[in-house]
Amino acid sequence: MERRVKSSEWRDTISETVLRDAGSRTVKIGNKQIALFARGDHIYACNNRCPHEGYPLKEGTLSDTCTLTCNWHNWKFDLRTGENTIGGDHLRVYPVRVVDGTVQVDVANASPEERIERALENLKDSFDDHEYDRMARELARMEKAGGDILDALRATIHWTHNRFKYGMGDTHAPMAAADWLSLRNTYAADAPSRIMPVHEAIANFAWDSRRQPQYPYTADRQPWNEDAFVRAVEDEDEAAAISYIRGGIAAGLKWDNFERAFARAALTHYLDFGHGAIYVQKTGELLDHLGDGVLEPLLLLLTRGIVFSWREDLIPEFRFYAEALEAWGHSKTETVSADQFDGLGPRQAMALAVTAKQSPEELFDILFEVNARSLLHFDLKVQNATDQSVAHNHTWLSVTHEVTFANAARTLAEKYPELWPSALLQMCCFFGRNSACQDKSIQDEDWLVDDTDAFLESTLNGLFDHGQFEYIVTAHLVKTASAVADEVARKPGAPWVPILTAGLNRFMNSPLKRRHPMRTAKQAVSFVAIED
């Protein structure tokens, strides 16, 4: 960025004699509160309010080496430069001169471009120590200077995309970011609510990538070839897959040119417990929000994530998936209902789905009703248990994938109808896996909502002040609520709407056990006991 020469704006403050007698004084110039310090032959001026939490720096301690300490939290600043030596944010300092015995301060501001650039530099500097509140302040400074704070999120994606060893498999940040920005577009009404969703997204990227080394992507390029890309993903050949992506981008291709390939690759297997399809859907949505400037880093993250995702259809519990997919379209003899799927395991559910005469869209709604029941009736005793095998480690977060996957898979299959069989069979894998984790004593009426639209609006608005510490939790909250709202908007009169919103209501208002110390210890002891 070209630096502009800053024009001066010298303003009179107080007499030099008064300042030297007092040692320090506070003056107000316009809306600026400035602290003046006299030390030796020098006079220094800075913002009186500490950039941390606004406490008055005039009440701080100034050392002989020109270090000003804010005595509230021990932040330290070099008064000559404003550099922060202990803490985070830099302190604004002002040029000073004495004219005819009066101390003058140059209060001219830097250009908006320079202030925006400085806010971005400081934002990046806040990542390593995850200075959460400082990130928000830098976004506020950027917006105050007239900048687009979405540029800060775009920059964050570029800064962090190569710090995830397994791509999107290492972070929920890109997926959640798409929903945070949708929430912002719908509900943000003032500066804090405009900043909060962007801040949450940036902080998630920063947390998940903190202190990570760089994991370079190949720089090779090959002409884009959809089938070759899908084969490379299937072969877990990241270098080849990335080379096709780079070749396509170099040729000017956009997300619409890549989406089907990613959707195919994501739905070829029951991939990473459904994350693959969610990755693809949310990448497209995030690009809609942020534009093509982040196309390359997001596609590199997405490719690596899908390449390294585990293929759960290859384990015994879901191995029938390949056979069911092969049989799809050959035995459509039954008119099925949601009640028929209740309680079925993955194999039985897929076998029944293969026989369904209904259209894919009709079968989706039937299976989605089962997903909704599964969400509503999740057995909290399973989440809280300490005496169980690793295979039964189910939590609220994993159950919500039934809904977020279904939403993503439907979105992709409506664009690319050849993917319907994979999408529908994988829905069966989801609720089939969770069928053993259902609490039939849950009374639906205890969680039904009176006004669907009001409940969803209240739930989504409530996410602006979610109060959760873990980013993976907030990601699941915003993803699940957004998916539910999307499906209800698509089909507000569907029979599953009351059950789905009741399930969301219970999820948002039930305990979420995130750490399992006794379960972990017991499973470790059991495992080690038999490993020899």
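Throughout this description, residue numbers start from 1 for each chain and increase along the sequence as written. For a predicted model such as this one, the threshold for reporting local features is a pLDDT of at least 70, and the threshold for listing and counting side-chain atom pairs is 80 or more; totals across whole chains, interfaces and linings nevertheless cover every residue. Hydrogens and water are ignored here; the side-chain numbers use all heavy atoms of the structure.

Draft legend 1. Quick look at the sheet that holds strand β1 (residues 10–15). Spatial ordering of the open sheet is given by β1-β11-β10, a layout of three strands whose pairing is antiparallel. Of all the strands in the sheet, just β1 and β10 (96–99) have a single pairing partner and so form its edges. Across the sheet, the mean angle separating the axes of adjacent strands is 35 degrees when strand polarity is ignored. Pairing between two strands requires that DSSP report at least two bridges joining them. Helix and strand assignments follow DSSP, with helices taken as H or I runs no shorter than four residues and strands as E runs no shorter than two, numbered in order from the N terminus. Note: β10 against strand β11 (residues 102–106), four bridges, orientation antiparallel. For V98, the partnering residue across the bridge sits in β11 and is V103. Orientation is described by lines fitted to C-alpha atoms, with helices fitted over the stretch in contact, and by angles between N-to-C directions that extend from 0 to 180 degrees.

Draft legend 2. Main features of a negative patch on the surface. Only residues whose relative accessible area exceeds 30% and that form no salt bridge enter a patch; like-charged residues are grouped when within 9 Å of one another, and nonpolar side chains (Val, Leu, Ile, Met, Phe, Trp, Tyr) when within 5 Å. Only the protein chains shown count as cover for residues, with accessible areas throughout obtained via the Shrake-Rupley method and a probe of 1.4 Å. Whenever a carboxyl oxygen of Asp or Glu lies within 4 Å of a side-chain nitrogen of Lys or Arg, that contact is scored as a salt bridge. Positive charge is attributed to Lys and Arg, negative charge to Asp and Glu, and no charge count is given to His or to the chain ends. Charge positions come from single atoms, namely NZ of Lys, CZ of Arg, CG of Asp or CD of Glu. On the surface, a cluster of negative charge is contributed by E234, D235, E236 and D237. In this fold, E234 is placed in helix α7 (residues 226–234). The classification of residues rests on relative accessible area computed with a 1.4 Å probe and restricted to protein chains. Under 20% of the type maximum is buried, over 50% is exposed, and intermediate values are partly exposed. You can call E234 partly exposed: its relative accessible area is 37%.

Draft legend 3. Quick peek at empty space enclosed by the protein. Whether a set of points on the 1 Å grid over the protein atoms alone is a cavity depends on a 1.4 Å probe fitting there but being unable to get out, while an open set qualifies as a pocket with protein on both sides within 12 Å along at least five of seven lines; lining residues are those with an atom within 4 Å of a point. Grid points are joined across faces, edges and corners, and a volume is the space filled by probe spheres set on the points. Under the defined criterion, the tally for this structure stands at two cavities of 30 Å³ or more. Of the pockets and cavities examined, the largest cavity occupies roughly 40 Å³. Lining the largest cavity are D179, I278, Q281, K282, T404, N407, K479 and A483. Of all the secondary-structure elements, those providing two or more residues to the lining of the largest cavity are α10 (275–290), α17 (396–415) and α20 (471–490). Classifying every residue of the lining of the largest cavity by side-chain character gives two nonpolar, three polar and three charged. Here the second largest cavity defines a volume of roughly 30 Å³. As for the second largest cavity, its lining consists of V230, V233, E234, A265, T268 and R311. Per-element tally for the lining of the second largest cavity: the top contributor is α7, with three residues. When residues are grouped by polarity, Ala, Val, Leu, Ile, Met, Phe, Trp, Tyr, Cys and Pro land in nonpolar, Asp, Glu, Lys and Arg in charged, and all others, Gly among them, in polar. Residues of the lining of the second largest cavity, tallied by class, amount to three nonpolar, one polar and two charged.

Draft legend 4. Structural detail: unusual backbone geometry. Although it is not a glycine, N74 sits at a positive phi angle of roughly 70 degrees. For N74, the location among the structural elements is in the loop between β6 (67–70) and β7 (75–78).

Draft legend 5. Just the packing of aromatic side chains, in detail. We call Phe, Tyr and Trp rings a pair once their centres come within 6.5 Å, taking the six-membered ring for Trp, and we label the pair stacked below 30 degrees between planes, edge-to-face above 60, and tilted otherwise. Tallied over the full model, the rule gives 21 aromatic pairs. Taking 5.9 Å as the distance between ring centres and 80 degrees as the angle between the ring planes, the aromatic pair formed by F341 and F431 counts as edge-to-face. Within this pair, whereas F341 is found in helix α13 (residues 338–341), its partner F431 is found in helix α18 (residues 420–434), the two being separated by 90 residues in sequence. Each ring, one from F368 and one from W496, has its centre 4.8 Å from the other, and the planes form 90 degrees; the classification is edge-to-face. With a gap of 128 residues between them, F368 in helix α15 (residues 360–376) and W496 in the loop between α20 and α21 (497–508) connect regions that are remote in the sequence.

Draft legend 6. Representation of α10. By this rule the span expected of a helix is its residue count minus one, scaled by 1.5 Å. For α10, with 16 residues, the first-to-last C-alpha span of 22 Å sits near the 22 Å given by 1.5 Å per residue. With 14 of 16 residues buried, α10 lies mostly within the body of the structure. Backbone geometry just downstream of α10 places G291 in the positive-phi region, at approximately 90 degrees.

Draft legend 7. Main features of the layout of surface pockets. Approximately 1100 Å³ is the volume found for the largest pocket. If you go around the largest pocket, you meet 33 residues; those closest to its centre are N47, R92, Y94, R118 and R141. Elements supplying a minimum of two residues to the lining of the largest pocket: β3 (32–39), β9 (93–94), α2 (112–125) and α3 (132–144). It is α3 that contributes the most residues to the lining of the largest pocket, five residues altogether. Approximately 650 Å³ is the volume found for the second largest pocket.

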